[in-house]
Protein chains: 2
Amino acid sequence: MSINFNIENFINDFSCSCSKVQVKNFSKSEVITTYIQKRNQFCILLEGHADLVRYDYNGNKTIIERFSKNDVFGEIFYTISTNNELFVESCENSKVLFFIYDDIKSKCKSSCKFHETLVSNLPEIILSKVIDLNTRIELLTKRSIRDKLLGYFEILSIRNFSKTITLSFSLTYLADYLSVDRSAMMREMKLLKDDGIIKKNGNKITLLYK
Amino acid sequence: MSINFNIENFINDFSCSCSKVQVKNFSKSEVITTYIQKRNQFCILLEGHADLVRYDYNGNKTIIERFSKNDVFGEIFYTISTNNELFVESCENSKVLFFIYDDIKSKCKSSCKFHETLVSNLPEIILSKVIDLNTRIELLTKRSIRDKLLGYFEILSIRNFSKTITLSFSLTYLADYLSVDRSAMMREMKLLKDDGIIKKNGNKITLLYK
DNA sequence: ATTATATTGTTGCTTTTGCAACTATTGTAT
DNA sequence: ATACAATAGTTGCAAAAGCAACAATATAAT
C-alpha cells in the first residue's frame with residue numbers, strides 16, 4: 001500500500017560491499033524476520049509481497065500489515081506494545097534488504113555510494129511510511145463500514161484523478177486493511193450499490209455521488 | 001501520546017539564527033496551522049497541547065490526533081487523502097517550532113549547531129512518530145471495545161512495569177483515541193470491572209488477570 | 001461564592017456489525 | 001482435464017456498539 005516516496009531510484013543502484021547491508025531471497029510462506037524486541041532492524045522489500053502477522057493464544061492469524069515492493073518494515077518501526085511475537089512472512093518469492101539502523105547511521109568504512117545515499121534518504125523513506133499509516137488511521141477511525149469504504153474509495157479516486165477505480169487486490173485484503181468483517185463489508189457494498197452511491201463491477205468501482 | 005525518542009535534549013539548546021526555523025506562541029483555541037496541500041511543513045510542539053481536527057460538511061468536529069510536548073506534526077506527515085481541510089488548534093498556551101522540510105535539508109548558511117543537530121536527528125524523530133502510529137493502529141484494528149481497552153491497558157502496564165496504571169488524561173479523550181463511543185466505552189469498563197478483569201478507581205486502573 | 005463548562009457515569013432503544021455457514025466463481029497446480 | 005485452493009457473494013441470527021438523553025461530579029472562570 002505504499003504510494004508516495006519512490007525509493008526505487010537509488011535502490012536500483014544497490015551495490016554495497018560493506019557487511020552492514022544484506023540482501024536475501026525468500027520463497028512463499030518463509031519467515032523473513034520476527035519482531036521480538038532485540039534490535040533496530042530496518043528492512044526494505046525490494047521485490048514480492050509480505051505480511052506482518054500475529055498468532056494469538058488460540059493460534060488465530062491476524063494480518064497486521066501487508067507490504068509490497070519498496071515498502072519498509074522491521075522491528076525499528078514497531079517497538080514492544082504487547083508480549084506477542086510478530087512474524088513477517090513472505091507471500092511469494094521476495095527479495096529483502098536488511099540492515100541495523102544503528103550500524104548504518106555511522107560512516108561506512110568503505111564509504112560506498114549506496115550507503116551514503118541510503119542515509120541521506122532515510123528521512124523521506126520513513127516519512128512516506130508515516131503518511132501511509134496516517135492514511136490508514138484516518139480510515140480506521142471512521143465509525144461505520146460505509147464511511148470506511150467511501151473514505152477509501154475517495155482516496156483512490158483523488159489519487160487517480162478519476163471517479164472510477166480498480167482495486168488491485170482482493171476484497172478479502174481490503175476487509176483486513178479496514179479491519180472489518182469481510183461478509184459485513186460485502187453487505188455494505190451491496191447497500192451502497194442499492195442506494196445508488198456506487199456502481200460496482202467485480203473490482204471496478206465508480207463513485208456516483210457529486 | 002509521544003513516548004519514545006526524546007527530542008528534548010537538543011531542542012533545549014535551540015538557538016538558530018537562520019531564518020529557516022521559527023518559533024511562535026499560541027493561546028487557547030488559536031489555529032496553529034492548517035493542512036491544505038501546499039508545502040512540506042514540519043512542526044515540533046515545544047510546549048502545551050494541540051489537536052489536529054477536521055470539521056465535516058455538518059460542522060461536526062473530529063479530533064484526529066492530539067499532540068503533547070515534543071510531538072511532531074505538520075502537513076508533511078499528512079498528504080492529501082480527502083478534500084477536507086485540517087486544522088491544528090492550540091488547547092492551551094503552546095509554543096511551536098516551525099520549518100519547511102525541504103529548506104532544512106540543505107546546508108545552513110550560518111551553519112548553526114541547532115540546524116545540524118536537527119537534521120541528523122530527523123530519522124529518529126520521524127521513527128518515533130511511526131512507532132506511535134503503529135501502536136494506535138494495533139489498537140484500532142482490534143474488533144471490540146473490550147479488546148481495545150485491554151490492549152491499551154496492557155501497553156501502559158508494560159511501559160510502567162506495573163499492573164496498576166493511572167490515566168493522565170480524560171476518558172473522553174481515550175474514547176477519541178480508540179475511536180469508540182464514549183458511553184459504550186464506559187459501559188464496557190463497567191463490564192470489565194463486573195467480570196473481575198480490572199479494578200477501577202477514578203482514572204487509576206489495575207489489571208487483575210494473570 | 002456562584003456560575004459556567006467539562007468530565008464522568010448510567011440506561012433504554014435501535015442500528016450496525018460480527019459470526020457462522022453456506023454456494024458460486026475464479027484461479028492455480030498437477 | 002481435473003482437483004484444490006482462494007476469492008467473491010449471500011443470509012439469518014445474536015451480540016456489540018452507537019445514539020440520545022439524562023444526572024452527578026468535578027474543574028475552571030468571573
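Please refer to the structure higher up on the page.
Since we're looking at a predicted model, the values are computed, not measured.

Q: Quick question: what am I supposed to make of the overall build of chain A here?
A: The helix and strand inventory of chain A stands at 6 helices and 11 strands. Out of the 210 residues in chain A, the part that is buried amounts to 50%. For chain A, restricting intrachain contacts to residue pairs at least 6 apart in sequence, the fraction spanning at least 24 positions comes to 73%. Of the roughly 10100 Å² that chain A leaves accessible, carbon and sulfur atoms contribute 47%.

Q: Sorry, what's going on with helix H3 (residues 113-140) of chain B here?
A: Spacing of three or four residues puts side chains on the same side of an α-helix, whose turn is 3.6 residues. Residues and elements named next belong to chain B. With 28 residues, H3 ought to run about 40 Å at 1.5 Å a step, and its terminal C-alpha atoms sit 40 Å apart, in line with that. Along H3, the sharpest change in direction is near 50° and occurs at Asn-121; proline Pro-123 comes one to four residues later. Most of H3 is tucked away, with 24 of its 28 residues classed as buried.

Q: For this particular structure, what's the right way to read the protein's contact with DNA strand C?
A: The full set close to DNA strand C counts 18 residues, and Ser144(A), Ile145(A), Asp181(A), Leu171(B) and Lys200(B) are the nearest of them. Near the protein, meaning within 4 Å, the atoms of DNA strand C are sugar or phosphate in a fraction of 51%, with bases accounting for the rest. Between a phosphate oxygen of DNA strand C and a main-chain N or O atom of Asp181(A), the distance comes to 2.9 Å. Between DNA strand C and Lys200(B), the relevant distance is 2.9 Å, taken from a phosphate oxygen to a side-chain nitrogen or oxygen of the residue. For the surface near DNA strand C, the secondary-structure elements that each account for two or more residues are helix H6 (182-194) of chain A together with helix H5 (171-178) and helix H6 (182-194) of chain B.

Q: I keep staring at the protein's contact with DNA strand D and nothing clicks. Help me out?
A: Around DNA strand D, the structure places 18 residues, and the nearest of them are Leu171(A), Lys200(A), Ser144(B), Ile145(B) and Arg187(B). Each atom of DNA strand D within 4 Å of the protein was assigned to sugar, phosphate or base; sugar and phosphate come to 53%. A distance of 2.7 Å separates a phosphate oxygen of DNA strand D from a polar backbone atom of Leu171(A). Interatomic distance of 2.9 Å between a side-chain N/O atom of Lys200(A) and a phosphate oxygen of DNA strand D. At the level of secondary structure, the elements contributing two or more residues to the surface near DNA strand D comprise helix H5 (171-178) and H6 of chain A together with H6 of chain B.

Q: What's the story with the nonpolar core in this structure? I'm lost.
A: Across soluble globular proteins, you tend to see nonpolar side chains buried next to one another. Counting 42 residues, the largest nonpolar core has Phe42(A), Phe99(A), Phe42(B) and Phe99(B) as its most contacted members. Those elements that provide at least two residues to this core are strand E3 (41-47), strand E8 (94-100), helix H2 (101-105) and helix H3 (113-140) of chain A together with strand E3 (41-47), strand E8 (94-100), helix H2 (101-105) and H3 of chain B. Residues Tyr152(A), Ala175(A), Leu192(A) and Leu207(A) belong to the second largest nonpolar core, which totals 23 residues.

Q: Even after reading the chapter, I still don't get the interface of chain B and chain A, so can you show me in this structure?
A: Taken together, the 31 residues of chain B in the interface contact 32 residues of chain A. Around 3500 Å² of area is buried between chain B and chain A when both sides are counted, 60% of it from carbon and sulfur atoms. Between the two partners, chain B and chain A, sit 2 salt bridges. The salt bridge partner of Arg54(A) is Glu138(B), with a shortest N-O separation of 2.4 Å. Counting across the chain B and chain A interface gives 10 residue pairs in polar contact (both at pLDDT 80 or more). When contributions to the side of chain B that touches chain A are tallied by element, the ones reaching two or more residues are H2, H3 and helix H4 (145-160) of chain B. The greatest single-element share of the side of chain B that touches chain A, amounting to 14 residues, is contributed by H3(B).

How each quantity is defined
Residues numbered from 1 in each chain as written. Chains lettered and ligands numbered in written order. Predicted model: local features only at pLDDT ≥ 70, side-chain atom pairs only at ≥ 80, totals over all residues. Heavy atoms only, no water. Helix = DSSP H or I, 4+ residues; strand = E, 2+ residues; numbered from the N terminus. Buried < 20%, exposed > 50% of the residue type's maximum accessible area, 1.4 Å probe, protein only. Contact = heavy atoms within 4.5 Å. Areas by Shrake-Rupley, 256 points an atom, 1.4 Å probe, with all protein chains shown as cover. Expected span 1.5 Å × (residues − 1). Bend = angle between axes of the 7 residues up to and from the residue. Near = heavy atom within 4 Å. Polar contact = N/O pair within 3.5 Å; in protein donor to acceptor, adjacent residues only side chain to side chain. Core = buried A, V, L, I, M, F, W, Y, C linked by side-chain atoms within 4.5 Å. Buried area = accessible area lost by both parts, 1.4 Å probe. Salt bridge = Lys/Arg side-chain N within 4 Å of Asp/Glu carboxyl O.

These values are about where atoms sit, not about what they do.
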